[in-house]
Amino acid sequence: MSVDEASRSATAPVVSVVLPMRNESRGLQRLFERLTPALTALGLPYEIITVDDGSTDDTLDKLKAYRATVPGLKVVSLSRNFGKEIAVTAGLGRTSGRVVVLMDSDLQHPPESIPALLEPWTKGYAVVFARRMNFDRGSLARRAFSHGFYKLFDMMSEVKIDRETGDFLAIDRKVVDAFLAMPERNRFNRGLLSWAGFRTTTISVHIEERHAGTSQWGFLKLLRLATNAITSFGTLPLRIWTYIGGVVSAVALLYGAYVILRTLIFGADVPGYPSIIVAVLLSAGVQLIGLGIIGEYLGHVFSEVKRRPLYFVQEAVGFDEPPAHPRA
Ligand code: UDP
Ligand code: MG
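Conventions adopted
Residues numbered from 1 in each chain as written. Chains lettered and ligands numbered in written order. Predicted model: local features only at pLDDT ≥ 70, side-chain atom pairs only at ≥ 80, totals over all residues. UniProt positions renumbered as here; feature names shortened; annotations may be inferred. Helix = DSSP H or I, 4+ residues; strand = E, 2+ residues; numbered from the N terminus. Buried ≥ 20, exposed ≤ 12 C-beta atoms within 10 Å, placed from the backbone. Pairing = 2+ DSSP bridges. Right-handed = clockwise from strand over helix to strand, strands pointing away. Near = placed C-beta within 6 Å. Nonpolar A, V, L, I, M, F, W, Y, C, P; charged D, E, K, R; others polar. Core = buried A, V, L, I, M, F, W, Y, C linked by C-beta atoms within 7 Å. Contact = placed C-beta atoms within 7 Å.

Undergrad: Which residues make up the UniProt feature "transmembrane region" (unreviewed entry) in the protein, and what values do they have?
TA: With numbering matched to this structure, UniProt assigns "transmembrane region" (unreviewed entry) to residues 240-261 and 273-298. Summarising residues 240-261: 100% helix, 0% strand, and an end-to-end C-alpha distance of 32 Å.

Okay, structure coming up:
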């Protein structure tokens, strides 16, 4: 190890924790009360990178105040609400640890599980997912939605994701770099990670209930995320219309032949209003769905060609400081 490397490793954190936050002010106290001991117990230099994703409460002020008492706490504040996937990307972009632990800030992901999460990493795994071992007690509608989404995603996309894993995971530096090298604007983080590859494993963790406040995912937001995810990771929805069109045309041809034959044999009877209206409505519906799906992809193309930055940082505090040294 060179002198330069040695001095760097003395000041570089080994573990970086990334916490995206939107209006989490009420839960911060509990969060740091549980997170700090869990990190100290690791005995490794660490940093806690919180990303304020355009909170409208006093999350940002509180975070800055907590820097006085929480070792290793750093704060990135985005210029507005960009959504969790982008907030996470912003946080990952600021990490310098050899491994990054990504988790929610509402204590659904127990900080006490961080050592268990890092265990496989020390054995050479590059991505370690926490898998929910307890029953998801979300509302029935939400569970049904998520079930449907994963089924569809599985069918349509080029990558595989485990539906029982969430955004509680440990990511090795080389995967973080790979993740950050993917420039797309429409980001579905778990899809991107899966696409990147690398040695991946899962551990079982008891996922808790949100500690304070409410979940910020309305149905429409979830629907948006789901459509984005599916259309970002495969072109099957786009290509499938060739086949659907083919089947519809074949059926129409057969039916046409049947109608002609019947007319030749039995002569024309009363014009068939029901069959005409059904055929017209069905083909109009099928075409509209096809157009809508092309629109989804066109929307992706549109937002990619604009090449806008993913996010803007309004303020970043604490990034020139050394990490917390639990043994010092
Ligand atoms: N979050 C964020 N930006 C958003 C919405 C949520 O950074 O626009 C954060 C939020 O503060 C939390 C995490 O993402 O730390 C998960 O959000 P939430 O608990 O609302 O989602 P759920 O657990 O219900 O999926
Ligand atoms: Mg939550």
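Undergrad: Tell me about the pairing of strand S1 (residues 15-21), and please be specific about residues and values.
TA: Judged by how many residues are buried, S1 sits mostly within the fold: seven of seven residues are covered. Covered by surrounding structure in S1 are Val 15, Val 17, Leu 19 and Met 21 together with Ser 16, Val 18 and Pro 20, the residues of both alternating faces. Sheet topology note: the S1/strand S2 (residues 46-52) ladder contains seven bridges and is parallel. By the bridge assignment for S2, Val 15 is matched with Tyr 46. Traced from S1 through helix H2 (residues 28-40) to S2, the parallel crossover comes out right-handed. Of the pairings in the sheet, the one linking S1 to strand S4 (residues 99-102) comprises four bridges and is parallel in character. Bridge pairing in S4 links Val 17 to Val 101.

Undergrad: Describe in detail unusual backbone geometry, supporting the description with residues and values.
TA: The backbone of Leu 107 sits at a positive phi, close to 65°, despite the residue not being glycine. Tracing the backbone shows Leu 107 in the loop between S4 and helix H5 (114-122). Of the residues examined, Leu 107 has 20 C-beta atoms within 10 Å and is grouped as buried. One non-glycine residue, Phe 198, adopts positive backbone phi at about 75°.

Undergrad: Pulling in residues and values, what's your account of the site of ligand 1?
TA: Not every one of the 17 residues close to ligand 1 is listed here, only the nearest: Pro 20, Arg 22, Asp 53, Ser 105 and Ser 215. Put simply, the parts of the chain that give the shell around ligand 1 at least two residues each are S1 and helix H4 (84-93). Residue composition of the shell around ligand 1, grouped by class: four nonpolar, six polar and seven charged.

Undergrad: Explain the nonpolar core to me, and be specific about the residues and the numbers.
TA: Counting 54 residues, the largest nonpolar core has Val 17, Val 101, Leu 169, Ala 170 and Ile 171 as its most contacted members. Sorting elements by how many residues they give to this core places S1 first, with five residues. Not counting residues up to four positions away in its chain, the partners in contact with Val 17 are Leu 39, Tyr 46, Ile 48, Ile 49, Val 101 and Met 103. Listed in part, the five residues of the second largest apolar core include Phe 153, Phe 188, Ile 230 and Phe 233.

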